[in-house]
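These are the residues of each chain, in order.
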Amino acid sequence: MIPKHAYLDQSISLLAALNDRQINAVRKDLGVSSLGDLLDVFPFRYVDKTQFTNISDLQESNDLIQIKATLSSIREVKGKAKRRLVAQIFDGSGQMELLWFQGISWIPNALEAGKTYIFFGKVSKYGSKFSMVHPEFEPFEEGKKIPVGLEPVYHSTEKLNKAGFTQKKRKKCIKQILSKVPPTVIPDPISESYRKSLKLISLGDAVHKIHFPKSIAERDEAIKRIKFHELFFLQLRILFLKSRRKEQLKGVVFEKVGDAFMKYYNEKIPFELTNAQKRVIKEVRRDVASGFQMNRLIQGDVGSGKTMVALLCMLLAKDNGFQSCLMAPTEILAQQHFESLSETLKGTGVYVGYLSGSIKGKLRKETLRLVSEGLIHILIGTHALLEDWVQFQNIGLAIIDEQHRFGVAQRAKLWAKAKAHIPHILVMTATPIPRTMALTLYGDLDVSVIDELPPGRKKVQTVHKFDNGRPEVYAFIEREIEKGRQIYVVYPLIEESATLDLANLEQGYERLLQRFPRPAYQISVVHGRMKATDKDLEMQRFVNKESHILVATTVIEVGVNVPNASVMLIENAERFGLSQLHQLRGRVGRGNSQSYCILLSSYKLTQQSRERLTTMVRTNDGFEIAEADLQLRGPGDMEGTQQSGVVNLRLSSLTHDKSLLEYCRNFALTILQDDPTLAKAHNQSLLEYMRAGSGNLKEWGRIS
Ligand code: ADP
Ligand code: MG
């Protein structure tokens, strides 16, 4: 956060107070290497050392408190496991116990019965009695001036403590660094005039005050400035890149709506589009007519009808003489798109092709020829479409389905496909992303939301059962099969425990075979270790209703459409993430009859997994689930954030600072509207700061 600075860029080994062990621990556990880095790690709370709490007023809490009390006794207790020191103190309002498990040799010498001390630490309650474990203490001196201000408290680790990098030492180091850089010496990329209009203190002031505020008000000023700083630059960077790219990248123009679109729209669609679908198509049409390249993200919950939107956009491209491609993350999904689109486009004069790694030899050659000659208008496939050997005659639109499986770098490859122009890009995802995340991760994309499901859909009913409820669940499944419905049974599979997970799945498969024996029942099984062709075969059996039950790992997570399936049974549901669970549930409830999602888990649940399961039972709303996911996991964990490296927030939070984020975004927009290239003198420092901070700005701009 702190801009380049000759003194602050130096190594922490400059700090005389630290020995090698401490320096190493700080490097490793705090990820801090320069003096400025150390200032960049802020306290996570403060203690008001001017206040004393009465023992009679104690309450259990996480806060550190101060007690002024007299020591009545201190003695060593040799317990079964561990020696400990126990002290009794009183302050006139009551008495309590202090405990130490370390420092047993020196603490008794430092404390004297009958004397008054200031004890400082966290209070815990044992039975009805309060105690403090490992309090800090100092003798109370009558008339001694109590320092004004709040004491910072930093997150620490065992390693840091063991190395002797205590809170005290840390404060000392930070004080020393700050003494060398008065507030005015720390450069501020946000100019004074901007600061004035925003009522923000300078960065230098904020850095001083965040560590050693003299009052709550000072602390709050510092927090406000730093939060603003983080979110403002996050947005400015994204918007700057977006505007630069827009300016540089002319797009092909789809100016007319022609036969392909109109005929299909009027004659072929068996249902009325939802208003949300119509709106999104309008947004796309506006983009592709603008003369600039479109980069749009379509967010829509599972089953919201994104494929239809994609198809209509591709027909629009065709009407304007351009080819399109539709890319899916798995072969199964790509094939399903291919089959349903070729079916629905039969007789319209729009030709659809298919390519994937498994299409080889003559068929591949022929397809490639048709694509390069422009005879295939819509090419559907897997990431094989990105290969160099796929050459279009005239590609105008690339659609990527279920984007979260596609790396950013792969998206960038698409750009190389175009001869004269970069095609318009449409990214579709069913993983709902909270708005703040969307602004951050996809802030450079324009976002459309399909926030409406087609009418007549019945809400999937979700229940949570423990493992011992399995017989009852199987009986339920049996009844659904009797009604002619099909069942998904899903097992978790993660890399780290793949072998165990597969064994688990095999076992479950055996159990199902026993309960649902052949030939009356047919069970398909699909997992990651199978050959692609076997997988497809098994999957196809299920799609064709030849099997009743599909046992699978999460390979079916994305996109498959089997409207006849009515039950999604998720085994070890506690091991899935929220958005994964939601995705899986979206595989059922695609027709008009009632569907069910059954979450099976063991009794042992962590607080988090319990909350995930109750969230699933409580709501079907993808956005609510995304918000809950963000709350539970924190944004650092959200898919894609880590590798994209976009989010590195210290004080602000995408969960709690929504309105500030919007405010910062608007401010960034205002600046860029006035000065799109940040060329004006008073914006120079902004540009320089971003250049220094984001490393290779050019690369960043190329990839969305
Ligand atoms: P997703 O957004 O998850 O990709 P799909 O495009 O697969 O959803 O659509 C799910 C199902 O809903 C499909 O069977 C599709 O034909 C149907 N569908 C799409 N739009 C509508 C609509 N407006 N009215 C009724 N059914 C629709
Ligand atoms: Mg889809």
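Small disclaimer: the values here were computed from a predicted structure and weren't measured.

Enquirer: Explain the layout of surface pockets to me, please; I cannot follow it from the model alone.
Expert: Think of a ball as big as a water molecule: rolled over the atoms, this probe shows where empty space is left. Of the pockets and cavities examined, the largest pocket occupies roughly 1800 Å³. In terms of lining residues, the largest pocket is bounded by 49 residues, among which Phe-120, Pro-135, Glu-136, Gln-167 and Lys-168 are the most central. Considering only residue class, the lining of the largest pocket consists of 22 nonpolar, 12 polar and 15 charged. Computed from the structure, the second largest pocket encloses a volume of approximately 1100 Å³. Gly-305, Thr-307, Ser-340, Asn-561 and Arg-590 are the residues nearest the centre of the second largest pocket, which is lined by 42 residues in total. Residue assignment for the lining of the second largest pocket shows that the elements contributing at least two residues are α11 (306–319), α12 (331–344) and α18 (532–543).

Enquirer: What is the right way to read the sheet that holds strand β14 (residues 424–429) from this model?
Expert: Through backbone hydrogen bonds, the strands of a sheet pair up, either in parallel or in antiparallel fashion. Judged by pairing direction, the sheet is parallel, and its 7 strands sit side by side in the order β11-β12-β10-β13-β14-β9-β15 without closing on themselves. Looking at the sheet topology across the chains shown, the edges are occupied by β11 (352–355) and β15 (446–450). Each neighbouring strand pair of the sheet contributes to a mean axis angle of 20 degrees, computed without reference to strand direction. Where β11 meets strand β12 (residues 378–381), 4 bridges bridge the pair, whose relative direction is parallel. By the bridge assignment, Tyr-354 is partnered in β12 with Ile-380. The sheet strands contacting helix α10 (residues 275–288) are β9 (295–300), β14 and β15, and the helix crosses β15 at an angle near 160 degrees. Set on the sheet, α12 makes contact with β10 (323–327), β11, β12 and β13 (395–401); between it and β11 the angle comes to about 165 degrees.

Enquirer: Sorry if this is basic, but what is going on with the environment of Asp-319 here?
Expert: Mapped onto the elements of the fold, Asp-319 is located in helix α11. The class for Asp-319 is buried, based on a relative accessible area of 11%. Taking the C-alpha atoms as reference, Asp-319 lies 9.2 Å from Glu-255; in sequence the two are 64 residues apart. Setting aside residues up to four positions removed in sequence, Asp-319 forms contacts with Lys-256, Val-257, Gly-258, Asp-259, Ala-260 and Phe-261.

Enquirer: Any chance you could explain the sheet that holds strand β19 (residues 549–552) here in plain terms?
Expert: Taken in spatial order, the 6 strands of this open sheet run β16-β21-β20-β17-β19-β18, and their pairing is parallel. In this open sheet, the two strands that pair with only one neighbour each are β16 (461–466) and β18 (523–526). Geometrically, the sheet is characterised by an average inter-axis angle of 15 degrees between neighbouring strands, direction not taken into account. One ladder, built from 6 bridges, connects β16 with strand β21 (residues 596–601); its direction is parallel. Paired with Thr-462 across the two strands is Cys-597, which belongs to β21.

Criteria and thresholds
- Think of each chain on its own: its residues are numbered from 1, step by step along the sequence as written.
- Whichever chain is written first becomes A and whichever ligand is written first becomes 1, with later ones labelled in order.
- Where local features are concerned, this predicted model is filtered to residues with pLDDT of at least 70; where side-chain atom pairs are given and counted, the filter is 80 or more; whole-chain, interface and lining totals use all residues.
- Excluding hydrogens and water, the side-chain values take into account all heavy atoms of the structure.
- Every definition here rests on a 1 Å grid over the protein atoms only: cavities are sets of points where a 1.4 Å probe fits but cannot get out, pockets are open sets enclosed by protein on both sides within 12 Å along at least five of seven lines, and lining residues have some atom within 4 Å of a point.
- Grid points are joined across faces, edges and corners, and a volume is the space filled by probe spheres set on the points.
- Polar here means any residue other than Ala, Val, Leu, Ile, Met, Phe, Trp, Tyr, Cys and Pro, which are nonpolar, and Asp, Glu, Lys and Arg, which are charged; Gly is therefore polar.
- The way it works is that DSSP assigns letters per residue, a run of H or I at least four long becomes a helix, a run of E at least two long becomes a strand, and they are numbered from the N terminus.
- Strands qualify as paired when DSSP identifies two bridges or more between them.
- Here the axes come from fitting lines to C-alpha atoms, over the contacting stretch only for helices, and the angles between their N-to-C directions go from 0 to 180 degrees.
- In what follows, residue pairs with any heavy atoms lying within 4.5 Å of each other are defined as contacts.
- Note on exposure labels: buried denotes an accessible area under 20% of the residue type's maximum, exposed denotes more than 50%, and partly exposed covers the range between, all computed with a 1.4 Å probe on protein chains only.

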